[in-house]
Amino acid sequence: MKEKTRRRLLRVLRLAIIASPFVIGGIGFCILYKGSYISGFYDALCLYGLQLNVDKEDVNLLINIARWAAPCMTVAVLFTVLSVLYQNFRDRMRARNKEAVAIHGDSRYIPMVGQKIGKSAIISDGIFSFRAPRQILVFDTDYKMFQFLHQHERELMGDPEKTLYLCTERITRGSYKDQSLQICNMAENCGRAYWKENLLEENEKVIVIIGFGNYGQEILNQGLMINVRDISSDLQYHIFGTQAEREEYQHLHYKLKRFANVGEDERCIQPGKDSLIFHRENWYENEDLIQQADRIILAYDEEEDNLLVLNELNKYFFMNKIYIKVFNEQIINTLWDTKKLRITPFGTDEHMCEPEMILGESTIVHAKMCHATYSRSVPESYGGCPKM
């Protein structure tokens, strides 16, 4: 169940519980007054103020239930109001801190982001939370994120001293001039962190990527930029994804053939360049490739798909190294012997929610340096910068 729907249901449930003594008492008084609805429900409302307008000897079972339940609801509402006031006061005090970070959204990442940021985090949509100098939007979909941004445009975009971080899996930053708006692409960060922590060994040549959604594409993108050994590199990236994903990627990256061999089978491989093979068949139809791959990367956007593929690989194949994107490392450690099977999880929620991943500038600087290094190290015909 999505977080937003769950919150709505909880809100409706709370209102129903608070109103139940009013309904029960109103029915009880109507029975007592033999059909006087206005007087009956008015007296039921008075029960919330500890006022009983009839003699105790005349009350029936429904009125008796309501007269005990109504004060409890009054106390609960009073505590709720005090809690909201305290929350607003705390948000206001925290927002004064120059390091304060307000977090808005409905993503599963939010509790972990708040935990990682620590005491300076404000997880609230209250009016005072928008005063924090840094604002993070983390939603399940980009559509809901931009809806929220439109609704609170004045609070989020009106102050040049505020920095707004948009966490997304698809949008990439087009310009670095406006530092008040930062794009945190979770998929891009995941791909960059994966290759940074799992560098290729010298004897690794054949890389298989299973799952070619947002995360699979960024695994490939970052691999092409980071795994730059020399001009005559002969790495093979074998990609398994849907036809729509393969075609979209090749159309958007139509200049790939300038510096890499691109095709649908091994016939496109030529020495002196990296090779990108976009397989039309399913991964399980190419047993020889799965067996000889130096590393297999499971990068479906949905972690459940990665777990299913890992289960099939472990059941029917003998592999070299497997890397799997999961939200919780404990799941992998519980189901499989990761050391024996050489299974390495990556992209966990705990890792992706590190403040450096979302707020830090070092990853952006590192990406610029990787791109600049590649551009300087290869000829112009391979996509590098022209020599001066």
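For the structure itself, consult the block above.
The following refers to the structure shown.

How each quantity is defined
- Residues numbered from 1 in each chain as written.
- Predicted model: local features only at pLDDT ≥ 70, side-chain atom pairs only at ≥ 80, totals over all residues.
- Heavy atoms only, no water.
- Patch = residues over 30% accessible without salt bridge, like charges linked within 9 Å, V, L, I, M, F, W, Y side chains within 5 Å.
- Areas by Shrake-Rupley, 256 points an atom, 1.4 Å probe, with all protein chains shown as cover.
- Salt bridge = Lys/Arg side-chain N within 4 Å of Asp/Glu carboxyl O.
- Lys, Arg positive; Asp, Glu negative; His and termini not counted.
- Charge placed at Lys NZ, Arg CZ, Asp CG, Glu CD.
- Helix = DSSP H or I, 4+ residues; strand = E, 2+ residues; numbered from the N terminus.
- Buried < 20%, exposed > 50% of the residue type's maximum accessible area, 1.4 Å probe, protein only.
- Axes fitted to C-alpha atoms, helices over the stretch in contact; angles between N-to-C directions.
- Parallel < 35°, antiparallel > 145°, perpendicular 65-115°, else oblique.
- Left-handed = near helix turned anticlockwise from the far one by under 90°.
- Contact = heavy atoms within 4.5 Å.
- Nonpolar A, V, L, I, M, F, W, Y, C, P; charged D, E, K, R; others polar.
- Pairing = 2+ DSSP bridges.
- Core = buried A, V, L, I, M, F, W, Y, C linked by side-chain atoms within 4.5 Å.
- Phe/Tyr/Trp six-rings, centres within 6.5 Å; stacked < 30°, edge-to-face > 60°.
- Lys NZ or Arg CZ within 6 Å of the ring centre and 35° of its normal.

1. Overview of a negative patch on the surface
Consideration 1: Residues E169, E302, E304 and D305 make up a contiguous surface patch of negative charge.
Consideration 2: The residue D305 is located in helix α11 (residues 303-316) in this model.
Consideration 3: Owing to a relative accessible area of 34%, D305 belongs among the partly exposed residues under this scheme.

2. Points about the packing of helix α7 (residues 186-197) against helix α8 (residues 214-226)
Packed helices, taken two at a time, are described by the angle between their axes plus the distance between the axes.
Consideration 1: Packing of α7 against α8 brings their axes to within 8 Å, and their N-to-C directions diverge by 45°. Looking at the two axes, α7 sits oblique to α8. The two elements α7 and α8 cross, and the hand of that crossing is right-handed. Contact with α7, carried on its side by M186, A187, E188, C190, G191, R192, Y194 and W195, involves N214, Y215, E218, I219, Q222, G223 and I226 of α8 and no other residues of that element.
Consideration 2: Among the residues forming the contact of α7 with α8, the class breakdown is eight nonpolar, four polar and three charged.

3. Details of the sheet that holds strand β2 (residues 121-123)
Consideration 1: Strand order across the open sheet formed by five strands is β2-β1-β3-β4-β5, with parallel pairing between neighbours. Both edges of this open sheet fall to β2 and β5 (181-185), since each of them pairs with a single strand only. Here the average twist between neighbouring strands, direction ignored, is 20°.
Consideration 2: Together, β1 (101-105), β3 (134-138) and β4 (163-168) form the strand contacts of helix α5 (residues 142-151), whose direction differs from that of β4 by roughly 160°.

4. Looking at the environment of V113
Consideration 1: The residue V113 is located in helix α4 (residues 110-117) in this model.
Consideration 2: Sequence-wise, V113 and I136 are 23 residues apart; in three dimensions their C-alpha atoms are separated by 9.7 Å.
Consideration 3: In contact with V113, not counting residues within four places along its chain, are I103, I136, C353 and I358.

5. Notes on the pairing of strand β6 (residues 206-210)
Consideration 1: In terms of burial, β6 is largely enclosed, as five of its five residues are buried.
Consideration 2: A two-sided burial pattern is seen for β6, the buried positions comprising V206, V208 and I210 on one face and I207 and I209 on the other.
Consideration 3: As judged from the five bridges shared by β6 and strand β7 (residues 236-240), these two strands associate in the parallel manner. Residue V208 lies in a different strand from β7, and its bridge partner there is H238.
Consideration 4: Pairing analysis gives four bridges linking β6 to strand β10 (residues 295-298), with the strands arranged parallel. In the sheet register, I207 faces β10, and the bridge partner there is R295.

6. Regarding the sheet that holds β6
Consideration 1: What the seven strands build is an open sheet, ordered β8-β9-β7-β6-β10-β11-β12; its pairing is parallel. The strands lining the two open edges of the sheet, one partner per strand, are β8 (260-263) and β12 (343-346). Each adjacent strand pair in this sheet contributes to an overall mean axis angle of 20°, direction not counted.
Consideration 2: Note: strand β11 (residues 322-325) against β12, four bridges, orientation parallel. The partner of K325 across the bridge, within β12, is F346.
Consideration 3: Along the sheet face, α11 touches β6, β10, β11 and β12 and points at about 155° away from the line of β11.

7. Focus: the nonpolar core
Consideration 1: Core analysis: the largest hydrophobic core is formed by 44 residues, its most contacted members being I136, L220, Y237, L276 and I297.
Consideration 2: Per-element tally for this core: the top contributor is α7, with six residues.
Consideration 3: If we skip the residues at most four places from it in the chain, L276 touches L220, L224, Y237, I239, L256, A260, N261, V262, G263 and C268.
Consideration 4: Counting residues in each nonpolar core, the second largest holds 21 residues, with A293, V309, W336 and I343 among its members.

8. Some thoughts on the packing of aromatic side chains
Consideration 1: Using the criterion set out here, one finds 12 aromatic pairs in the structure.
Consideration 2: The interplanar angle of 25° and the centroid separation of 6.3 Å between the aromatic rings of F130 and F148 together place this pair among those described as stacked. Pair noted here: F130 is in the loop between β2 and β3 and F148 is in helix α5, with a separation of 18 residues, a long-range link. Taken as a pair, F130 and F148 share a single burial class, namely buried.
Consideration 3: Every member of this aromatic cluster is reached through a ring pair, and the members are Y194, W195, Y323 and F346.
Consideration 4: The positively charged end of R108 is found above the aromatic ring belonging to Y109, 4.9 Å away from the centroid.
Consideration 5: The ring of Y215 has K325 lying over it, and the distance from NZ or CZ to the ring centre is 4.3 Å.

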